[in-house]
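If you want the building blocks of each chain, they are given just below.
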Amino acid sequence: FQLHWLAIKRDRVRQQLPCSESAFWIKEIGQAAWDLLHERLRLKDADWDDYALLPIHPWQWLSLKQDRLKPWLDDGTALYLAAAGDSYQATQSVRSLMNQRHPHKAHVKLPMNMVNTSALRILEPHSVCSAPLVSGWLQQLVNADRFLSELRPLVILQEYAGMLVEPDDEKLQGQLAVIWRESIDKHIQPGEAAIPFNALLLTEADGQPFIHQWLERYSLQVWLKQLFDTSVLPVWHLLIQPGIAIEAHAQNLLLLHRDGMPSRLAARDFHESVEYVRDFL
């Protein structure tokens with residue numbers, strides 16, 4: 001499906017982008033989609049001086065348009081610009097979307113007004129515009145640490161941009177926002193492939209474990225040792241060296257491998273998991 005788009009009055013929008021606004025949008029959605037949305041805004045007698053562009057999940061649009069968002073649509077605080085751009089599909093994380101046409105482009109994380117696995121799947125307002133700063137900080141630490149950059153490489157899937165709508169109505173808090181996260185495809189090296197970490201636990205339709213052929217090829221002990229070295233040691237080193245704990249459950253990890261032999265670990269989803277002990281720092 002395509003993303004849907006809103007133009008929101010600028011005094012309601014806070015954003016953290018890596019470059020100028022127009023350059024950012026052309027890079028993310030392409031010149032044709034940017035021109036199309038520009039024309040749709042012009043036909044509503046509005047311009048980018050007064051409005052900022054924001055994507056919205058089509059499910060979220062259907063959820064909000066007749067209820068929480070209606071007053072803004074009625075008074076012009078928000079303008080609906082319809083669907084445009086590339087097609088996306090959900091990942092294993094329902095609100096994180098991957099670009100079908102250009103897999104190397106960013107994953108887009110959008111709030112959805114639903115409860116899934118006991119959590120309301122909006123975006124916490126405090127975490128949206130701080131996400132790029134947290135990701136950049138983590139990347140600097142990894143780059144400066146030889147263990148994490150060379151010996152047991154840890155790939156940080158950076159959340160490099162964020163936009164947040166700040167409403168007066170508490171019912172809209174966290175309901176209109178977006179975070180852009182690097183795709184794993186951007187980091188895959190020649191000869192590598194990537195899988196979600198929780199794929200290691202799966203059983204195929206024929207009853208064999210997903211990893212069965214790999215274990216047969218390399219032997220259980222050799223493969224397991226490489227798995228632990230690749231996936232446990234970087235997370236543990238990050239904890240005992242700079243004192244940083246990441247929320248490294250299986251959905252937040254991806255395993256890079258070469259013909260089934262683990263090679264590197266990739267971690268994601270840092271923006272809502274920032275906790276620290278001030279005395280330790």
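Here we summarise the structure given alongside this text.

Calculation rules
Residues numbered from 1 in each chain as written. Predicted model: local features only at pLDDT ≥ 70, side-chain atom pairs only at ≥ 80, totals over all residues. Heavy atoms only, no water. 1 Å grid on protein atoms, 1.4 Å probe; cavity = no way out; pocket = protein on both sides within 12 Å on 5 of 7 lines; lining within 4 Å. Points joined across faces, edges and corners; volume = space filled by probe spheres on them. Helix = DSSP H or I, 4+ residues; strand = E, 2+ residues; numbered from the N terminus. Nonpolar A, V, L, I, M, F, W, Y, C, P; charged D, E, K, R; others polar. Buried < 20%, exposed > 50% of the residue type's maximum accessible area, 1.4 Å probe, protein only. Pairing = 2+ DSSP bridges. Phe/Tyr/Trp six-rings, centres within 6.5 Å; stacked < 30°, edge-to-face > 60°. Contact = heavy atoms within 4.5 Å. Axes fitted to C-alpha atoms, helices over the stretch in contact; angles between N-to-C directions. Polar contact = N/O pair within 3.5 Å; in protein donor to acceptor, adjacent residues only side chain to side chain.

**Side note on empty space enclosed by the protein**
A probe as big as a water molecule, rolled over the atoms, marks out the empty space that is left.
Piece 1. All chains considered together, the criterion is met by two cavities of 30 Å³ or more.
Piece 2. As a volume, the largest cavity reaches approximately 60 Å³.
Piece 3. Taken together, Leu3, Trp5, Trp25, Glu28, Ile29, Tyr88, Asn99, Lys105, Ala106, Val108 and Trp180 form the lining of the largest cavity.
Piece 4. For the lining of the largest cavity, the secondary-structure elements that each account for two or more residues are strand 1 (2–9) and helix 1 (21–29).
Piece 5. Among the elements that line the lining of the largest cavity, the one with the most residues is helix 1, at three residues.
Piece 6. What the second largest cavity holds in volume is close to 40 Å³.
Piece 7. Lining the second largest cavity we find Leu3, Trp5, Glu28, Ile29, Ala84, Gly85, Asp86, Tyr88 and Asn99.
Piece 8. In terms of residues, the lining of the second largest cavity owes the most to one element, strand 4 (residues 78–90), which gives four residues.
Piece 9. When its residues are assigned to classes, the lining of the second largest cavity shows five nonpolar, two polar and two charged.

**Let's talk about the pairing of strand 11 (residues 177–181)**
Piece 1. Of all five residues making up strand 11, five are buried, and the element is well covered by its neighbours.
Piece 2. What you see with strand 11 is no split at all: Ala177, Ile179 and Arg181 on one side and Val178 and Trp180 on the other are buried throughout.
Piece 3. As paired elements, strand 6 (residues 107–109) and strand 11 share three bridges and run antiparallel to each other. Each bridged residue has a counterpart across the sheet, and for Lys109 the counterpart in strand 11 is Ile179.

**Section: the packing of aromatic side chains**
Piece 1. Using the criterion set out here, one finds eight aromatic pairs in the structure.
Piece 2. When the ring of Trp5 is compared with that of Trp25, the centres are 5.5 Å apart and the planes differ by 80°; the resulting orientation is edge-to-face. One end of the pair, Trp5, is in strand 1; the other, Trp25, is in helix 1, and 20 residues separate them in sequence. Each of the two residues, Trp5 as well as Trp25, counts as buried.
Piece 3. Ring geometry for Phe24 versus Trp180: centroids 4.8 Å apart, planes at 85°, classification edge-to-face. Residue Phe24 is located in helix 1, and its partner Trp180 is located in strand 11; the two are separated by 156 residues in the primary sequence.
Piece 4. With a relative accessible area of 1%, Phe24 lands in the buried category.

**Focus on the environment of Leu54**
Piece 1. Considering the arrangement of structural elements, one finds Leu54 in strand 3 (residues 51–56).
Piece 2. Residue Leu54 is classed as buried on the basis of its relative accessible area, which comes to 2%.
Piece 3. Apart from the residues lying within four places of it in its own chain, the contact partners of Leu54 are His4, Trp5, Leu6, Ile8, Met163, Val165, Leu176, Ala177 and Val178.

**Quick look at unusual backbone geometry**
Piece 1. Backbone geometry places Asp45, a non-glycine residue, at a positive phi of 55°.
Piece 2. Residue placement: Asp45 occurs in the loop between helix 2 (31–43) and strand 3.

**Digging into the sheet that holds strand 11**
Piece 1. Read across the sheet, eight strands follow the order 2-10-11-6-5-4-1-3 without closing on themselves; strand pairing throughout is antiparallel. With partners counted over all chains shown, the strands left at the sheet margins are strand 2 (13–16) and strand 3, one partner each. Here the strands of the sheet are splayed against their neighbours by 30° on average, with no regard to which way each runs.
Piece 2. Sitting on the sheet, helix 2 is in contact with strand 1, strand 3 and strand 4, with an inclination near 160° to strand 4.
Piece 3. Its contacts with the sheet put helix 6 (residues 131–143) on strand 2, strand 10 (159–165) and strand 11, and the angle it makes with strand 10 is roughly 165°.

**Focus: the side chain of Arg121**
Piece 1. Tracing the chain through its elements places Arg121 in the loop between strand 8 (119–120) and helix 5 (125–128).
Piece 2. Look at Arg121 and you get buried, because its relative accessible area is 18%.
Piece 3. Among the polar contacts listed, one links the side chain of Arg121 to the backbone oxygen of Asn116, at a separation of 3.0 Å.
Piece 4. Ignoring anything within four residues of it in the chain, the contact list for Arg121 reads Arg95, Leu110, Pro111, Met112, Met114 and Asn116.

**With respect to the side chain of Ser96**
Piece 1. Here Ser96 lies in strand 5 (residues 96–99).
Piece 2. Apart from the residues lying within four places of it in its own chain, the contact partners of Ser96 are Gln89, Ala90, Thr91, Val108, Lys109 and Arg181.

**Quick look at the pairing of strand 10**
Piece 1. Most of strand 10 sits out of view: six of its seven residues are buried.
Piece 2. Relative to strand 11, strand 10 runs antiparallel, the two sharing five bridges. If you follow Ala161 over to strand 11, its bridge partner there is Trp180.

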